[in-house]
Amino acid sequence: MKYRKHFTAIIVITPVVALLTYLVLNAIYKLPIAASEEAVIIEDMFQAHFILISALFALVMTFMFYSIFAFRRQPGDEEDGDHFHGNTVLEIVWTVVPLVIVLFFGYWGAVMLSDITAPEPDEMVVEVYGQQWSWYYIYPEMDDMRTSELVLPAGEQIRLEMTALDVLHSFWVPEFRVKQDLVPGQIHHLRITPTIPGEYRLRCAEICGVQHAYMLGDVIVLSPDEFEEWVEESELAGEPVPAPRTESSVAGTPAD
Amino acid sequence: MAVTAEGHHEHHDFHEEHELELPYAQRLQNNRLGLWIFIISELFLFVAILMARFYLWRDPATGAVIRPELDQVLGLVTTMILLVSSVFMALGESAMERGDRKTFSWSLLLTAALGTLFLIGVVGLEWRGHVSPRDGAFGAIFFGMTGLHALHVLSGVILILIVWWNGRKGAFTPERHWGVEATAIYWHFVDVVWVFFYPTLYLIGDAVPIH
Amino acid sequence: MRTLALLFSLGIVRALVGQAVGMAFGYGLVAVLRQALGLEPSPEAAWVSGALFSVLFALLFAGVLTDWLKWAVGKETELRHGPPEDKPAWTRYFGVDYNHKVIGIQYGVASLLVLMIGGILALIFRLELSFPGMQFLQETTYNTIFSAHGIIMIASILLGVGAMGNYLVPMMIGAPDMAFPRLNAFSFWIGVPSAVLLVLAMFIGNGWDTGWVAYPPLSIRGPLGTQLFLLGFYINGFASIASAINIIVTVLTMRAPGMSLFRMPIFVWGSLSASLIQATATQTVGLALLMLTTQRLFGLGFFDPTAPTAGIPPGDPILYQHLFWFYSHPVVYVFVLPGLGIISELLPVFGRKPLFGYKWIALSSVAIALVGFLVWSHHMFTSGMSEFLRVPFMFSTVLVAIPTGIKFFSWIGTMWGGKLVFPTPMLFVLGAISVFLIGGLTGPILGTVPTDLHLHDSYWVVGHFHATMFGGFVFPFFAAIYYWYPKITGRMYNERLGQLHFALMVPGFWLMSLAQMRLGLLGMRRRIADYEAGLGLDFTHAIVTISALIIAWAILIMVYNLVASARTEPVAARNPWGSRSPEWQAPSPMPEFNYDRPFEVVGDPYDYGLPGSRYVDMSPVAAGD
Ligand code: HEA
Ligand code: HEA
Ligand code: CUA
Ligand SMILES: [Cu+2]
């Protein structure tokens with residue numbers, strides 16, 4: 001076959017380029033640490049996507065740059081290129097192979113989604129309220145204690161019951177990887193299972209007006225023991241007061 | 001890029017030929033196709049607001065499809081009026097095909113009159129009726145759907161009057177009356193839209209009384 | 001005096017004057033009426049009326065509506081073509097003209113102007129973002145500027161799509177003009193007041209802060225500028241629908257003898273598919289915007305989540321998102337389908353080889369357009385829409401990769417074994433392929449829900465869509481400008497400057513989008529005026545700003561090249577690229593009605609390298625050319 005030499009070259013070069021691309025991408029594409037069970041699960045899919053991106057990018061680019069060098073018209077040459085119109089078998093191959101790949105990703109995504117949203121029997125409920133431009137939380141399991149920072153125990157699944165009091169906001173702690181919009185008048189939930197004790201930042205990820213950039217919140221993940229302590233302390237201090245539920249003009253208050 | 005302006009005519013040998021009208025048959029074909037694509041386009045608009053209606057008019061507690069209590073008699077009457085108007089529109093169009101200017105003339109006038117009556121029924125009466133614009137999703141969708149449709153009826157009436165006026169002055173012939181044809185198609189379309197709007201507004205779902 | 005009179009005879013000047021007059025009229029009308037009726041003044045209602053009248057007056061003053069109004073009172077009008085008789089020839093480019101090539105050029109110049117406005121806005125907010133902390137903007141200003149950047153750039157793309165479609169489609173299919181020349185002029189001219197409104201929205205009543213998506217409830221509470229932005233966006237829809245209908249009809253009915261659908265130049269397929277989307281989906285965003293407007297004006301509670309009384313259902317903010325994305329997802333394919341068509345069109349010319357898999361490429365455009373209608377909710381995975389919708393939309397989303405992949409692989413097939421040459425248009429085609437590839441490949445990771453939960457509303461998305469829009473529209477558009485420049489002006493552009501433009505712009509862009517994606521993964525949110533120091537974002541942000549400046553220089557070079565070369569460069573050969581396409585067999589610039597006589601299509605469009613084959617059979621051109 002006429003192009004054997006060229007195809008051999010491509011077959012040799014592409015994996016090298018793919019590997020290089022992957023290394024470069026890995027240097028550029030960095031994720032924050034994975035601090036929740038969901039984050040750890042999703043991590044695989046990120047990596048799979050990065051590999052897919054590298055491979056396909058390398059494939060197309062190798063062919064393109066190879067053509068640029070191998071098939072460029074030499075000075076003085078006035079000829080046209082080879083005459084062929086297409087190849088149905090090839091077309092079918094590059095329809096079917098990507099089809100299989102994306103269907104796999106779709107399937108995997110569906111399974112993973114049900115995995116990270118599956119409730120555990122003893123999940124803890126925390127109500128999250130977003131308003132221009134701050135957050136507060138209510139712990140219905142602790143006498144409706146109200147706090148302005150989100151304190152969570154590590155290793156336990158939390159169901160966040162979220163609603164907004166004015167406009168859309170969005171709950172995002174990058175280390176937890178998952179995100180959910182807060183919609184006024186509606187309650188939506190998000191499940192997270194923090195794993196690593198520490199301090200995180202909650203960032204509002206939906207434009208919500210002038211101070212959207214500064215709509216941040218502190219999230220503190222404590223070890224289970226510390227969390228118990230915190231609960232007791234807060235109750236002793238008589239502090240975090242029960243929430244005034246009438247604050248919102250919104251119809252919905254979180255269900256328990 | 002003003003320099004490009006020197007372009008276009010310098011090299012070209014048809015200085016005299018400043019007018020390019022396509023042959024009438026071709027224009028007619030283009031016009032018909034264009035109008036139908038426009039109607040498909042409009043269909044997206046009306047279907048979208050129908051979807052919005054089914055999305056929003058639900059019982060907050062049960063999720064059942066509901067509708068506000070409206071004046072059933074008025075609804076039925078206005079609907080009949082609009083349907084009848086379409087008959088006269090068709091009559092007028094076929095009259096023009098035959099060259100019967102007299103029938104054409106009064107049919108169109110009658111169509112416009114019935115269209116106006118419809119507008120009076122919907123905008124003049126029903127809008128003052130049970131639902132007010134501030135009634136949550138009821139108000140929004142009710143005024144949205146009827147308002148959007150009324151705008152189309154209004155533009156249809158204006159078109160009909162224009163066509164009627166020009167027809168009287170002899171602008172159309174049995175062979176050449178695209179204006180009449182287009183107006184008729186448009187009017188029938190607006191009518192058919194109401195055929196879907198009427199039951200969604202007046203009939204489907206449990207009626208919820210307001211006020 | 002003479003010059004002043006000449007100035008006021010220009011359509012564009014009249015349109016702008018008309019817009020100002022209409023604005024004053026509409027504003028005053030409402031103000032006076034409300035006064036007379038004893039209502040309290042409502043600046044918002046007054047501005048809305050002002051905006052609507054401003055559009056009407058702009059059209060009236062420019063003279064686009066004249067013929068139609070005459071028809072309405074029963075007067076026949078003739079369709080005048082050719083340069084004006086009593087004025088210098090160049091004036092036709094600044095006024096209402098019915099020639100599709102003139103309109104195409106008007107679109108193109110407008111697109112570049114608007115691109116520069118949007119780009120300058122980007123540069124302003126990029127400078128602000130170079131470092132953490134607020135530098136020189138207020139938060140409100142930042143929000144207004146990035147929102148305006150988004151919508152103005154999109155307006156620019158739509159103008160650019162119009163430019164390519166109008167200029168190229170009739171020429172390529174051998175038609176003397178578009179099917180509806182008057183409607184064609186209308187489509188362009190209504191875009192002008194709409195663009196003015198969008199720019200104006202920044203300056204009136206505190207601007208607006210919703211981004212280009214205008215999600216309620218924010219867009220309902222937002223300042224007055226929001227309303228003007230909504231109207232500008234809405235009016236733009238008329239232009240889209242009208243010009244799409246025009247292109248569809250032109251392609252379907254006005255092809256040269258022998259030009260079956262599968263013998264059309266491939267660009268026409270891209271334009272046709274894009275028009276199918278534009279003609280239909282635009283209606284739903286129009287509806288969504290209209291709903292917002294009426295909610296702001298009359299209190300219709302489509303999207304208001306509070307129920308006025310028990311038992312009455314409340315509105316729902318999420319409904320807006322469905323209506324909005326039902327248009328705004330498909331529209332991204334409106335941006336790219338013509339651009340990808342340009343890539344497919346130019347590759348065979350510069351590869352000296354037939355297009356690989358013509359039918360597959362043609363049909364993949366249609367497939368992208370159709371599947372594109374079924375994926376809109378992938379913008380809403382985290383919005384709180386019904387959860388069972390997420391999985392089906394995940395599947396439909398990743399399916400778009402397949403027809404797009406067909407294009408890429410067919411492009412490879414087209415280059416393979418060719419005799420590639422690399423003038424500036426080809427450079428931009430190759431750059432476009434590389435950039436659109438990374439843009440496309442960063443799509444499926446957004447399409448799979450678990451990964452999107454992290455990436456949504458982060459700079460990853462920003463990187464993704466700049467790459468798709470640059471790769472799928474901006475670079476192909478530039479390629480097209482260089483490629484047809486000799487056709488438009490009769491002169492060649494400056495090759496060295498073209499290469500310089502390329503050498504700055506493509507690497508500059510690569511830097512920018514990779515940096516944006518990195519930011520997103522690290523946790524940088526979209527639409528924020530300020531970010532915290534110490535998250536590892538600072539350096540990367542500085543890189544984005546620097547690359548933005550590089551891109552800006554590159555574009556300035558292009559503009560200089562386009563303006564200067566029209567005077568200084570030598571007259572171009574009739575067919576400088578050795579293309580088989582019919583427009584290159586005719587003289588440049590094209591005659592008024594394109595071809596003296598209809599040509600006949602006797603072969604396939606891309607049979608480069610097949611001795612003796614011909615695509616079109618041109619009648620002999622009159623002597624003297
Ligand atoms: C020109 C515009 C354009 C184009 C072409 C695309 C193309 C695609 N886009 Fe993009 N997108 C935008 C413009 C565009 N997008 C914009 C403007 C936004 C943000 C809007 C906003 O919020 O402001 C956005 C946002 C956006 C989101 C929402 C993100 C979020 O906010 O959470 C998603 C999610 O699914 C998405 C997905 C895709 C996919 C799957 C494609 C696919 O069509 C890509 C297909 C192409 C390829 C995949 C590459 C080539 C294919 C192969 C080489 C074959 C083999 C491939 C595989 C097996 C994978 N896009
Ligand atoms: C075609 C579409 C398009 C184009 C070309 C661009 C071009 C650029 N975009 Fe934009 N962008 C969008 C469409 C586009 N963008 C959209 C839709 C959004 C979303 C908005 C939203 O969130 O709602 C967005 C948002 C967006 C953001 C996110 C803002 C935020 O979320 O806070 C950023 C940030 O870096 C950005 C940067 C840039 C930069 C640096 C360029 C550069 O390429 C710009 C380069 C510069 C120029 C093109 C100007 C060159 C010309 C001159 C300098 C001429 C000077 C002349 C005189 C002085 C006479 N864009
Ligand atoms: Cu709250 Cu952004
Ligand atoms: Cu999309």
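Procedures and definitions
- Residues numbered from 1 in each chain as written.
- Chains lettered and ligands numbered in written order.
- Predicted model: local features only at pLDDT ≥ 70, side-chain atom pairs only at ≥ 80, totals over all residues.
- Heavy atoms only, no water.
- Helix = DSSP H or I, 4+ residues; strand = E, 2+ residues; numbered from the N terminus.
- Rg over C-alpha atoms; globule rule 2.2 N^0.38 Å.
- Buried < 20%, exposed > 50% of the residue type's maximum accessible area, 1.4 Å probe, protein only.
- Contact = heavy atoms within 4.5 Å.
- Buried area = accessible area lost by both parts, 1.4 Å probe.
- Salt bridge = Lys/Arg side-chain N within 4 Å of Asp/Glu carboxyl O.
- Donors = N, O, S within 2.8 Å, 3.2 Å for Na, K, Ca; no water.
- Near = heavy atom within 4 Å.
- Polar contact = N/O pair within 3.5 Å; in protein donor to acceptor, adjacent residues only side chain to side chain.
- Nonpolar A, V, L, I, M, F, W, Y, C, P; charged D, E, K, R; others polar.
- Tetrahedral: all angles 85-135°; square planar, octahedral: opposite > 155°, others 65-115°.
- Pairing = 2+ DSSP bridges.
- Patch = residues over 30% accessible without salt bridge, like charges linked within 9 Å, V, L, I, M, F, W, Y side chains within 5 Å.
- Areas by Shrake-Rupley, 256 points an atom, 1.4 Å probe, with all protein chains shown as cover.
- Lys, Arg positive; Asp, Glu negative; His and termini not counted.
- Axes fitted to C-alpha atoms, helices over the stretch in contact; angles between N-to-C directions.
- Parallel < 35°, antiparallel > 145°, perpendicular 65-115°, else oblique.
- Left-handed = near helix turned anticlockwise from the far one by under 90°.

Within chain C, the secondary structure is distributed over 20 helices and two strands. What you see for chain C is a C-alpha radius of gyration of 25 Å, in line with the 25 Å of a compact globule of 625 residues. Once the C-alpha set of chain C is aligned to its principal axes, its extents read approximately 80 × 60 × 45 Å. Counting across all 625 residues of chain C, residues that qualify as buried make up 69%. Taking all contacts inside chain C whose residues are at least 6 apart in sequence as the whole, residues at least 24 apart take part in 79%.

With that settled, the discussion passes to the interface of chain C and chain B. Facing the 71 residues of chain C at the interface are 57 residues of chain B. Here chain C and chain B share an interface that buries about 5300 Å² over both sides, 69% of which is from carbon and sulfur atoms. The largest per-residue losses of area from chain C upon contact with chain B belong to Gln283(C), Pro313(C) and Phe593(C), which jointly make up 11% of the total buried on that side. The interface formed by chain C and chain B contains zero salt bridges.

Before going further, it helps to examine the coordination of the iron atom of ligand 1. Residues and elements named next belong to chain C. No protein donor other than His464 (NE2) coordinates the iron atom of ligand 1, and that contact is at 2.2 Å. A distance of 4.4 Å spans the gap from the iron atom of ligand 1 to the copper ion (ligand 4). Secondary-structure assignment places His464 in helix H18 (residues 459–489).

Interfaces are often sized by the amount of accessible area the parts lose when they come together. Of the residues lining the interface, 91 residues belong to chain A; the matching set on chain C comes to 94 residues. Of the roughly 8000 Å² buried at the junction of chain A and chain C (both faces included), carbon and sulfur atoms supply 69%. Summed over the three residues of chain A that lose the most area to chain C, namely Trp94(A), Lys179(A) and Ile207(A), the buried surface amounts to 8% of that side. Between Glu532(C) and Arg203(A) there is a salt bridge, with the nearest N and O atoms lying 2.5 Å from each other.

Residues and elements named next belong to chain C. Inspection of the region around ligand 2 gives 33 residues, with Arg126, Tyr142, His149, His466 and Arg527 positioned closest. Here an oxygen atom of ligand 2 sits 2.5 Å away from a polar atom, N or O, in the side chain of Tyr142. The side chain of His149 places a nitrogen or oxygen atom 2.8 Å from a nitrogen atom of ligand 2. Within the residue set of the shell around ligand 2, elements represented by two or more residues are helix H5 (100–129), helix H6 (139–173), H18, helix H19 (495–522) and helix H20 (538–568). Tallied by class, residues from the shell around ligand 2 come to 24 nonpolar, six polar and three charged.

With that out of the way, let us pick up the coordination of the iron atom of ligand 2. All names here are of chain C. Around the iron atom of ligand 2, the protein supplies His149 (NE2) and His466 (NE2) as donor atoms, at distances of 2.0 Å. Around the iron atom of ligand 2, the six donor atoms are arranged such that angles at the metal cover 86 to 179°; this shape is classified as octahedral. One end of the pair, His149, is in helix H6; the other, His466, is in helix H18, with 317 residues separating them in the sequence. The buried category is assigned to His466, whose relative accessible area is 13%.

Turning our eyes to something else, we now look at the site of ligand 1. The environment of ligand 1 is made up of 33 residues, and the closest members are Tyr333(C), Asp452(C), His456(C), His464(C) and Arg526(C). At the site occupied by ligand 1, nearby residues are drawn from chains A and C. Between an oxygen atom of ligand 1 and a side-chain N or O atom of Tyr333(C), the distance comes to 2.7 Å. Broken down by element, the residue count for the shell around ligand 1 peaks at five residues, all from H18(C). Grouping the constituent residues of the shell around ligand 1 by class yields 19 nonpolar, 11 polar and three charged.

All names here are of chain A. For strand S1 (residues 124–131), the tally of buried residues reaches eight of eight residues, placing the bulk of the element in the interior. Neither face of S1 is exposed, since Met124, Val126, Val128 and Gly130 on one face and Val125, Glu127, Tyr129 and Gln131 on the opposite face are all buried. As paired elements, S1 and strand S5 (residues 158–164) share seven bridges and run parallel to each other. Across the sheet, residue Val128 finds its bridge partner in S5, namely Met162. Both S1 and strand S2 (residues 134–139) contribute to a ladder of five bridges, which runs antiparallel. Note on S2: the bridge partner recorded for Gly130 is Trp135. Counted along the chain from S1 to the antiparallel partner S2, the turn is two residues long.

This part takes up a nonpolar patch on the surface. Residue and element names in this part refer to chain C. On the surface, Leu4, Leu7, Phe8, Val17, Val21, Leu56, Leu60, Phe61 and Leu69 cluster together into a nonpolar patch covering about 710 Å² of accessible area. Looking at the nonpolar patch, the elements with two or more residues in it are helix H1 (2–9), helix H2 (11–36) and helix H3 (43–62). Among the residues examined, Val21 registers a relative accessible area of 35% and is labelled partly exposed.

This part covers the side chain of Lys407(C). Considering the arrangement of structural elements, one finds Lys407(C) in helix H14 (residues 401–415). Of the buried charged residues, Lys407(C) lacks a salt bridge, with Glu91(A) as the closest side chain of opposite charge at 10 Å. Among all residues touching Lys407(C), those that are not within four sequence positions of it are Leu337(C), Leu340(C), Ile361(C), Ser364(C), Ser365(C) and Ile368(C).

Locating Thr79(B) in the fold gives a position in helix H2 (residues 72–98). Ignoring sequence-local partners within four residues, the contact set of Thr79(B) consists of Trp194(B) and Tyr198(B).

Quick look at the sheet that holds S5(A) now. Residues and elements named next belong to chain A. The five strands lie next to each other as S3-S2-S1-S5-S8, forming an open sheet whose pairing is mixed. Each having just a single partner strand, strand S3 (145–147) and strand S8 (188–192) make up the two edges of the open sheet. The average undirected angle you get between the axes of adjacent strands in this sheet is 25°.

Tallying each qualifying case throughout the model produces 16 salt bridges over all chains. Here Glu43(A) and Arg177(A) are joined by a salt bridge, their closest N and O atoms 3.2 Å apart. Placement of Glu43(A) in helix H2 (residues 37–70) and of Arg177(A) in the loop between strand S6 (169–172) and strand S7 (179–182) is noted, with a sequence separation of 134 residues between them. A relative accessible area of 22% places Glu43(A) in the partly exposed class. With relative accessibility at 0%, the residue Arg177(A) sits in the buried group. Asp67(C) is paired through a salt bridge with Arg182(C); the nearest N and O atoms lie 2.8 Å apart. Placement of Asp67(C) in helix H4 (residues 66–72) and of Arg182(C) in helix H7 (residues 181–201) is noted, with a sequence separation of 115 residues between them. Here Asp67(C) and Arg182(C) have matching classes, each one buried. Connected through salt bridges with shared partners, the residues Glu123(A), Arg159(A), Glu161(A) and Arg191(A) form a single ionic network.

What follows deals with the packing of H3(C) against helix H9 (residues 225–253) of chain C. All names here are of chain C. One can describe the packing of H3 onto H9 by two numbers: an axis separation of 10 Å at closest approach and a directional angle of 25°. Taken as axis vectors, H3 and H9 run roughly parallel relative to one another. Crossing hand, H3 versus H9: right-handed. Facing Glu44, Trp47, Val48, Ala51, Leu52 and Val55 of H3, the residues of H9 in contact are Gln227, Leu228, Leu231 and Ile235. Its residues placed into classes, the contact of H3 with H9 shows eight nonpolar, one polar and one charged.

Another point: the pairing of S8(A). Residue and element names in this part refer to chain A. In terms of residue burial, S8 counts as a mostly covered element, since four of its five residues are buried. Sheet topology note: the S5/S8 ladder contains five bridges and is antiparallel. Paired with Leu160 across the strands is Leu190, a residue of S8.

Cis geometry is found at the peptide bond from Gln132(A) to Trp133(A), where omega equals -5°. In this structure, Trp133(A) sits in the loop between S1 and S2. Geometrically, the link from Pro216(C) to Pro217(C) is a cis peptide bond, its omega value of 0° lying close to zero. Following the sequence through the fold, Pro217(C) ends up in the loop between H7 and helix H8 (218–221).

What follows concerns the sheet that holds S6(A). All names here are of chain A. Strand order in the open sheet formed by five strands is S4-S10-S9-S6-S7, with mixed pairing between adjacent strands. Both outer strands of the open sheet, strand S4 (150–153) and S7, are each paired with one neighbouring strand and no more. Averaged over all pairs of adjacent strands, the angle between their axes in this sheet comes to 25°, without regard to strand direction. With two bridges joining them, S6 and strand S9 (residues 198–204) adopt antiparallel strand pairing. Looking at the pairing, Trp172 lines up with Arg203 of S9.

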